[in-house]
Amino acid sequence: MERRDELAELLTDQDVETLRHLVNEGMGVNTLRALASDLTYLQAWALASTGASLPWPAPEALLLKFVAHHLWNPEKRRSDPQHGMPVEVEQMLRDQGLLKVVGPHAPDTVRRRLATWSTLTKWRGHNGSFVSPALKSALRLAVRATPRPRKRKSARAVTGDILSKLLATCRTNGLRDIRDRAILMVAFASGGRRRSEIANLRKEQLTVEAPIFVENAPPLPSLSIHLRRTKTSGGESDEVVYLAGGPVEALNAWLEAARIERGSVFRAIDRWGNVSKRGLEPKAINDIVKHRAEQAGLDAAEFSAHGLRSGYLTEAANRGIPLPEAMEQSRHRSVQQASSYYNDANRKGSRAARLLE
């Protein structure tokens, strides 16, 4: 809603009302942001390619046009400049800063935008052609004709050894080092939390738990994090993950140094060392990971905040922790997705990969 004036040329009053309805129905902030972004793109594309706003409901032909404009074969484009998205449509979208990718879109992006289109169509009380055999066939064949290797969100996982290097750059007692150390440790140890979950973490979500007693060592401080709404859970669920030992100490050190008693846990720090009252944006978590990787002498381009999530599961696999136990902490819903990190870790050290040593 804050961007209504900025997007006024693309979003009608009805579009805004639709988005407001989604907010009232309990849509998460990140979901709403994605819906608004997709709707902005779809409207701009419709204006550029047809000269008219998005129709509600959209005819099947327009859905097929969207697929043809976004999933095409680069080799065919070299011999036929009209193949795929027309040059004039592409330029109009680039001039608006809405099209940045070079080449065909990722299939997942196309599917997501069609899903958004379908969702908004239903909210308007219409039935679209999003499940038509023609559209399903076009998507399937277009994806097959434009193969793209699936890339992970972070080229390299932040496993235990990498995390140690990142933490080594947080060596001073300065506020930034104390904060970043807490962010890295909490994000990793809590199961590889998503950057939005770390950025939006509030003091009210933290509950001090009884210390954990270990043999021949001092008790470990412990706390629980109530995640509330996540990417894969509803607003009514109260998923909980636990921290113990070092991550709790790092988090407490930050809360004390920044004098945070309520509200956002991780906050911006200005050049004069003043701590903001507002929480960090999710992008800032990504920037912190890259900044610490660069300070550690690593290639920052290979790391992102998602590397903490994949790194947690990879490290769990390396240490022989059972997959179900690791998923309890990471809160992955898909066994297939979580097990991929385990499979990669196991295959790298398997005998099958070392036939010629």
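To be clear, the structure that these remarks concern was listed above.
## Notes on the packing of aromatic side chains
Stage number 1. In this structure the tally under the stated criterion is five aromatic pairs.
Stage number 2. For the pair Trp45 and Phe66, a centre-to-centre distance of 5.1 Å together with 90 degrees between the ring planes defines the contact as edge-to-face. Separated by 21 residues along the polypeptide, Trp45 in helix α2 (residues 29–50) and Phe66 in helix α3 (residues 60–70) bring together distant segments of the chain. Assigned by exposure class, Trp45 and Phe66 land together as buried.
Stage number 3. Consider the rings of Phe188 and Tyr312, whose centres lie 5.9 Å apart with planes at 75 degrees: the pair is edge-to-face. A residue pair is termed long-range when its members are at least 10 positions apart, and Phe188 in helix α9 (residues 175–189) and Tyr312 in helix α13 (residues 306–318) qualify at 124 residues. Taken individually, Phe188 and Tyr312 each receive the classification buried, so the pair is uniform in this respect.

## Notes on a nonpolar patch on the surface
Stage number 1. Nonpolar side chains collect at one region of the surface, where Ile212, Val214 and Leu220 lie side by side and expose about 190 Å² of accessible area between them.
Stage number 2. When you line up the elements, Val214 lands in the loop between β1 (206–212) and β2 (220–228).
Stage number 3. A relative accessible area of 34% places Val214 in the partly exposed class.

## Side note on helix α11 (residues 246–257)
Stage number 1. End to end, α11 covers 16 Å across 12 residues, agreeing with the expected 16 Å (1.5 Å per residue, within 8%).
Stage number 2. Along α11, the residues that are buried comprise Pro247, Val248, Ala250, Leu251, Trp254 and Leu255. The buried residues of α11 occupy an angular sector of 165 degrees when projected down its axis, which confines them to one face.
Stage number 3. Residues of α11 that are buried sit in contact with α9, β1, β2, β3 (239–244), β4 (267–269) and β5 (275–279).
Stage number 4. Of the residues flanking the end of α11, it is Arg259, one or two places downstream, whose phi is positive at about 55 degrees.

## Considerations on the pattern of salt bridges
Stage number 1. Applying the stated rule across the entire model yields 16 salt bridges.
Stage number 2. We note a salt bridge from Asp180 to Arg292, for which the minimum N-O separation is 2.8 Å. In this pair, Asp180 is assigned in helix α9 and Arg292 in helix α12 (residues 282–295), connecting sequence segments 112 residues apart. For the pair formed by Asp180 and Arg292, the shared burial category is buried.
Stage number 3. Across the pair Arg331 and Glu239 runs a salt bridge, and its minimum N-O distance is 3.3 Å. Here Glu239 lies in strand β3 and Arg331 lies in the loop between α14 (323–330) and α15 (335–348), a separation of 92 residues in the sequence.
Stage number 4. Residue classification places Glu239 among the buried positions, given a relative accessible area of 6%.
Stage number 5. One connected set of salt bridges, linked through shared partners, spans Asp177, Arg179, Asp180 and Arg292.

## What to know about the environment of Trp72
Stage number 1. Summarising the element assignment, Trp72 is placed in the loop between α3 and α4 (74–79).
Stage number 2. Measuring from C-alpha to C-alpha, the distance between Trp72 and Ala142 comes to 6.8 Å, with 70 residues separating the pair along the chain.
Stage number 3. Within the local environment of Trp72, its side chain forms a polar contact with the backbone oxygen of His69, the two atoms lying 3.4 Å apart.

## What about the side chain of Thr169?
Stage number 1. Here Thr169 lies in the loop between α8 (160–168) and α9.
Stage number 2. In this structure the side chain of Thr169 is engaged in a polar contact, spanning 2.6 Å, whose partner is the backbone oxygen of Leu166.
Stage number 3. If we skip the residues at most four places from it in the chain, Thr169 touches Asp177, Arg292, Gln295 and Ala296.

What counts, and where the lines are drawn
Residues numbered from 1 in each chain as written. Predicted model: local features only at pLDDT ≥ 70, side-chain atom pairs only at ≥ 80, totals over all residues. Heavy atoms only, no water. Phe/Tyr/Trp six-rings, centres within 6.5 Å; stacked < 30°, edge-to-face > 60°. Helix = DSSP H or I, 4+ residues; strand = E, 2+ residues; numbered from the N terminus. Buried < 20%, exposed > 50% of the residue type's maximum accessible area, 1.4 Å probe, protein only. Patch = residues over 30% accessible without salt bridge, like charges linked within 9 Å, V, L, I, M, F, W, Y side chains within 5 Å. Areas by Shrake-Rupley, 256 points an atom, 1.4 Å probe, with all protein chains shown as cover. Salt bridge = Lys/Arg side-chain N within 4 Å of Asp/Glu carboxyl O. Expected span 1.5 Å × (residues − 1). Arc of directions from axis to C-beta. Contact = heavy atoms within 4.5 Å. Polar contact = N/O pair within 3.5 Å; in protein donor to acceptor, adjacent residues only side chain to side chain.

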